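A look at the structure
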Amino acid sequence: MEKTNKNRCLLAAKCRVAGTSECTNQCSAFIAMHGLSGAGGRVGAAGLPADYRLVTLANSPARTEQAKIYAKINDYVATFDRQFEEGTERIKSLYLFSESPGTGKTTTAAAILNEWLTVHYVGSLQRGVQPMQRPAYFLDVNSWQTDYNNFNRPKVPDNIAEPAAKRFYTAMENAKHAPMAVLDDIGLRDCTDGFRGDLHAIINHRVTNAKPTIYTSNLPIKYMDTKVATLMPYDLIDVFGEERLADRMRDQCAVLSFGGGSFRGRR
Ligand SMILES: Nc1ncnc2c1ncn2[C@@H]1O[C@H](COP(=O)(O)OP(=O)(O)O)[C@@H](O)[C@H]1O
Ligand SMILES: [Mg+2]
């Protein structure tokens, strides 16, 4: 077992005492970020899947392959300090896109979210203000849709439906209100109008309130070629069932296209 928390604390790269005898589970900054157990704190509250909790831009496995994109992302995260400034330029959103899965979109989105958590925590302390408990939130849209289906299918027993509905609405509130959010995998297939409406509501709320959002998707925001009805969805316009929200999203959003083949299962 590792003696210090140097390799399981997001703050390590910025921390004076990382790896020293003070780098223990008793460290208040470690507890604030990761909780006593390492699975709580602000990182736990952000809802990141366990595999992505310690991903940073510096250690991301996608960094070498997607070097050009990471250079852009470094410039992007340099704007995160604006969260502490009133009335400055807004922080943009990012749309991480690739047609094929396994190109590092989710990994990269998690690294950006972790950067936000770090900037928020350190920046708040530097300014003498209390860091928020949930400054960022990760919504896995697929599992959120599974929860939706678990309380909307006919004849679902209450003991399944009730907790699913509770998880669903809690996640929805978090995704709406967190100062920054990742909406992971918004290229949905087979969704009902009800679910579509709830996803639309989250994005609409975030766009309207100028909250930065990192989207990942295997669909473009707007497909420019001819569409064949039976092969829909081609893009977010098909997902939302209207053009307006996709247009508003595109405004204030940089699209980063992830190239290369899939790295899934190649650990
Ligand atoms: N460019 C890359 N180089 C090495 N490993 C990668 C790369 N991109 C992704 N991976 C690995 O492949 C797996 C899938 O990556 P993920 O970020 O989930 O892809 P996506 O969200 O684009 O489908 C992860 O285990 C990740 O660490
Ligand atoms: Mg993904």
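Residues numbered from 1 in each chain as written. Chains lettered and ligands numbered in written order. Predicted model: local features only at pLDDT ≥ 70, side-chain atom pairs only at ≥ 80, totals over all residues.

A separate point is the overall build of the protein chain. Along the protein chain, the regular secondary structure elements total 9 helices and 5 strands. Each helix and strand of the protein chain, ordered N terminal to C terminal, gives the series α-α-α-β-α-β-α-α-β-α-β-α-α-β. Whereas a compact globule of 267 residues would reach a radius of gyration of roughly 18 Å, the protein chain reaches 19 Å, a difference of no more than 12%. Based on the C-alpha atoms only, the size of the protein chain along its principal axes is roughly 60 × 45 × 45 Å. Put simply, the protein chain has 267 residues, and 33% of those count as buried. In the protein chain, the share of contacts with a sequence separation of at least 24, taken over all contacts with a separation of at least 6, comes to 70%. (Helix = DSSP H or I, 4+ residues; strand = E, 2+ residues; numbered from the N terminus. Rg over C-alpha atoms; globule rule 2.2 N^0.38 Å. Buried ≥ 20, exposed ≤ 12 C-beta atoms within 10 Å, placed from the backbone. Contact = placed C-beta atoms within 7 Å.)

This next bit is on the domain arrangement of the protein chain. On domain assignment, one finds that the protein chain holds domain 1 (1–38) and domain 2 (49–257). Once you take the C-alpha centre of each, domain 1 and domain 2 turn out to be 28 Å apart. Listed per partner, the contact involves 7 residues of domain 1 and 9 residues of domain 2. A class-by-class count of the residues in the side of domain 1 that touches domain 2 yields 5 nonpolar, no polar and 2 charged. (Domains from an automatic or database assignment. Nonpolar A, V, L, I, M, F, W, Y, C, P; charged D, E, K, R; others polar.)

Time to look at helix H3 (residues 67–77). Residues of H3 that are buried: Ile-69, Ile-73 and Tyr-76. In an axial view of H3, the angular spread of the buried residues amounts to 50°, which keeps them on one side of the axis. Of the residues in H3, the exposed ones pointing more than 90 degrees away from the buried face are Ala-67, Lys-68, Ala-71, Asn-74 and Asp-75. (Arc of directions from axis to C-beta.)

Direction vectors running N to C along helix H6 (residues 158–177) and helix H7 (residues 193–208) enclose 25°, while the axes themselves pass 8 Å from each other. When the axis of H6 is compared with that of H7, the two are roughly parallel. H6 and H7 meet at a crossing whose hand is right-handed. Contacts between H6 and H7 involve Met-172, Ala-175 and Lys-176 on the former and, on the latter, Asp-198, Ile-202, His-205 and Arg-206. (Axes fitted to C-alpha atoms, helices over the stretch in contact; angles between N-to-C directions. Parallel < 35°, antiparallel > 145°, perpendicular 65-115°, else oblique. Left-handed = near helix turned anticlockwise from the far one by under 90°.)

This part is about the pairing of strand E2 (residues 136–140). When you tally the buried positions in E2, you get 4 out of 5 residues, the bulk of the element. Across 5 bridges, the pairing between E2 and strand E3 (residues 180–184) is parallel. Looking across to E3, one finds that Ala-136 is bridged to Met-180. (Pairing = 2+ DSSP bridges.)

Attention now moves to helix H5 (residues 141–152). When the terminal C-alpha atoms of H5 are compared, their 16 Å separation across 12 residues agrees well with the 16 Å that a helix rising 1.5 Å per residue should span. Taken together, the buried positions of H5 are occupied by Val-141, Trp-144, Gln-145, Asp-147 and Tyr-148. The arc that holds every buried residue of H5, seen down its axis, measures 155°, which confines them to one face. Summarising the contacts, the buried residues of H5 are in contact with E2, H6, E3 and H7. (Expected span 1.5 Å × (residues − 1).)

Time to look at the sheet that holds strand E4 (residues 213–217). Reading across the sheet, the 5 strands line up as E2-E3-E4-E1-E5 and stay open at both edges, with parallel pairing between neighbours. What marks the edges here is a single partner per strand, and that holds for E2 and strand E5 (253–257). Here the average twist between neighbouring strands, direction ignored, is 15°.

Now for the nonpolar core. Within the largest apolar cluster, 56 residues are counted, with the highest numbers of intra-cluster contacts made by Leu-113, Ala-136, Leu-139 and Ala-181. The greatest single-element share of this core, amounting to 9 residues, is contributed by helix H4 (residues 105–126). Two domains each provide a minimum of three residues to this core, namely domain 1 (1–38) and domain 2 (49–257). (Core = buried A, V, L, I, M, F, W, Y, C linked by C-beta atoms within 7 Å.)

Moving on: the environment of Ala-136. By secondary structure assignment, the location of Ala-136 is in strand E2. Remark: the alpha-carbon pair of Ala-136 and Ala-32, spanning 104 residues in sequence, is separated by 14 Å. Among all residues touching Ala-136, those that are not within four sequence positions of it are Ala-46, Leu-113, Trp-116, Leu-117, Ala-178, Pro-179, Met-180 and Ala-181.

Here the bond from Met-232 into Pro-233 is cis, since omega is 5°, no more than 30 degrees from zero. Despite not being glycine, Lys-155 has its phi angle at roughly 60°, a positive value. Assignment of secondary structure puts Lys-155 in the loop between H5 and H6. Using a count of 5 C-beta atoms within 10 Å as the deciding quantity, one classes Lys-155 as exposed. Phi is positive for Ala-210, close to 55°, though the residue is something other than glycine. Take Ala-210: it is sitting in the loop between H7 and E4.

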